[in-house]
Every structure is written in C-alpha cells, then in structure tokens.
Amino acid sequence: MSTNSIPSNLTNILFKDFGKEWILGAITNYAKEGKVILVGYYQFILWLKRGFHLITNNIISELPDLPRTGLLNVFIKHTSAGLTLNENADYTVREDFEKVFNKIVPENQSYYSHIFEGADDLPAHIKASLLGNSVTIPITESSLNLGTWQGIYLCEFRNSGGRRKLILTIYS
C-alpha cells in the first residue's frame with residue numbers, strides 16, 4: 001500500500017511516531033469497525049560475546065513512543081543465537097544459564113556431523129532451537145508490560161558470533 005492511499009493526518013502521525021529508520025510494515029484500515037492497525041518495524045544490530053546478555057534497555061532505547069496498547073515482537077535473524085525472557089536483577093542467573101546449557105548440549109561430541117564451522121556451531125544451533133528466535137511482550141499504558149524481575153536476554157551461543165540483527169515489530 002502506498003502512502004498516497006493513507007489519509008494525510010494518519011501519514012503525519014505515522015512518520016512522526018515511527019521516526020528514525022522505522023519502516024512502515026503495513027497499515028490496514030478497518031472502516032467497518034472504525035479501527036486502524038499500525039504495524040511498524042525496525043532492524044538494529046548488536047555485537048556481543050558468548051553468553052546470556054540482558055538487552056532490555058538496548059531494545060527500549062531503539063523504540064519510538066509506544067502506542068497505548070499493543071504488542072512488541074523481538075525477532076533475531078540468526079540460527080545460532082536465541083531470545084528469552086528471564087531474571088533481570090541478578091547477573092549470576094545468566095552465568096548459571098550458560099553453565100547449564102553447556103552441560104545439556106556439550107561441544108566436541110564425536111557423534112556430531114555438522115562440524116565444519118567449529119566445535120561450537122552445532123551446539124549453538126541446538127541451544128538456539130531450545131530457546132527460540134523471538135519473544136512477544138504486551139504494551140500497556142505505552143510501556144512494555146514486563147514483570148518486575150523480567151528482562152529480555154539475547155543468548156549468544158557462538159564463541160565468535162559476530163553481529164546479530166534484531167527486528168523490532170510493534171502491533172497496535
């Protein structure tokens with residue numbers, strides 16, 4: 001849908017609220033119900049060493065003003081890193097996660113076939129599959145509606161994972 005078919009007052013709101021490099025993903029006008037659903041998304045890149053990293057503040061700093069209600073989906077575009085929600089106060093939880101995941105899915109196993117990219121590669125794919133590649137968080141009163149002790153983790157399972165692309169999508 002081109003911006004020419006969007007009412008000018010809505011276009012002004014969109015490009016004001018979804019500034020930066022936010023891309024208008026879709027606009028659907030439900031005339032019957034008098035509702036407009038806005039979907040905007042933005043891609044940004046993080047470089048992190050191996051481990052479980054609390055990235056909630058990184059994500060919040062990339063967001064435009066949030067709608068009153070909606071959903072934020074965070075998606076990582078990689079197969080050897082994952083996302084999850086968990087403890088945001090005590091860093092030892094993240095250290096213990098790393099130890100437990102390394103015990104559950106160890107490196108250097110003789111039965112692994114996929115070893116071309118290094119001893120950490122196949123275990124990284126398995127660990128990422130266990131956690132998943134996205135989290136969805138409700139937006140309430142224009143804020144992320146996380147629990148008191150919840151934070152968003154980027155879980156880097158490669159020794160040298162490189163840059164990790166995250167897509168932030170807002171549905172309202």
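As shown above, the structure is provided for reference.
Owing to the predicted nature of the structure, the values given are computational and were not obtained by experimental measurement. Sequence positions are assigned chain by chain, starting from 1 and proceeding in written order. With pLDDT at 70 or above as the cut-off, local features in this predicted model cover only qualifying residues; side-chain atom pairs require 80 or more to be listed or tallied, and sums for whole chains, interfaces and linings still use all residues. Note that the side-chain values use all heavy atoms of the structure and ignore hydrogens as well as water.

Side-chain atoms within 4.5 Å link the members of a nonpolar core, which is a set of buried Ala, Val, Leu, Ile, Met, Phe, Trp, Tyr and Cys residues. Each residue gets one of three labels from its accessible area relative to the maximum for its type: buried under 20%, exposed over 50%, partly exposed in between, using a 1.4 Å probe on protein chains only. The biggest cluster of nonpolar side chains holds 22 residues, and the ones touching the most others in it are Ile59, Leu72 and Leu166. Each helix is a run of H or I in the DSSP string that is no shorter than four residues. Each strand is a run of E no shorter than two, and both are numbered from the N terminus. At the level of secondary structure, the elements contributing two or more residues to this core comprise strand E2 (35-47), strand E4 (69-76), strand E5 (81-87), strand E6 (134-140), strand E8 (150-156) and strand E9 (163-171). Throughout, a contact is declared for two residues whenever any of their heavy atoms are within 4.5 Å. Excluding residues within four positions of it along the chain, Ile59 makes contact with Phe44, Leu72, Val74, Ile152 and Leu168.

Here the focus is the packing of aromatic side chains. Whether two aromatic rings pair depends on their centres lying within 6.5 Å, for rings of Phe, Tyr and Trp, where Trp uses its six-membered ring; planes under 30 degrees apart make the pair stacked, over 60 edge-to-face, and the rest tilted. Applying the stated criterion to the full structure yields eight aromatic pairs. Plain terms: the ring middles of Phe52 and Tyr153 are 6.4 Å apart, the flat faces sit at 75° to each other, and that makes the pair edge-to-face. Highlighted residues: Phe52 in strand E3 (residues 51-54) and Tyr153 in strand E8, separated in sequence by 101 residues. Each member of the pair, Phe52 as well as Tyr153, carries the same accessibility label: buried. Sitting over a ring, as applied to charges here, requires NZ of Lys or CZ of Arg to be within 6 Å of the ring centre and within 35 degrees of the ring normal. Looking at Arg94, its charged tip hangs above the ring of Tyr153, at a distance of 6.0 Å from the centre.

Okay, the pairing of E6 next. Burial along E6 is one-sided: Val135, Ile137 and Ile139 are buried, while Ser134, Thr136, Pro138 and Thr140, pointing the other way, are not. Pairing between strands requires that DSSP locate at least two bridges from one strand to the other. Sheet topology places E6 next to strand E7 (residues 143-144); two bridges connect them, and they run antiparallel. Looking at E7, one finds that Ile139 is bridged to Leu144. A loop of two residues connects E6 with E7, the two strands running antiparallel in sequence, and Glu141 in this loop sits at a positive phi of about 55°.

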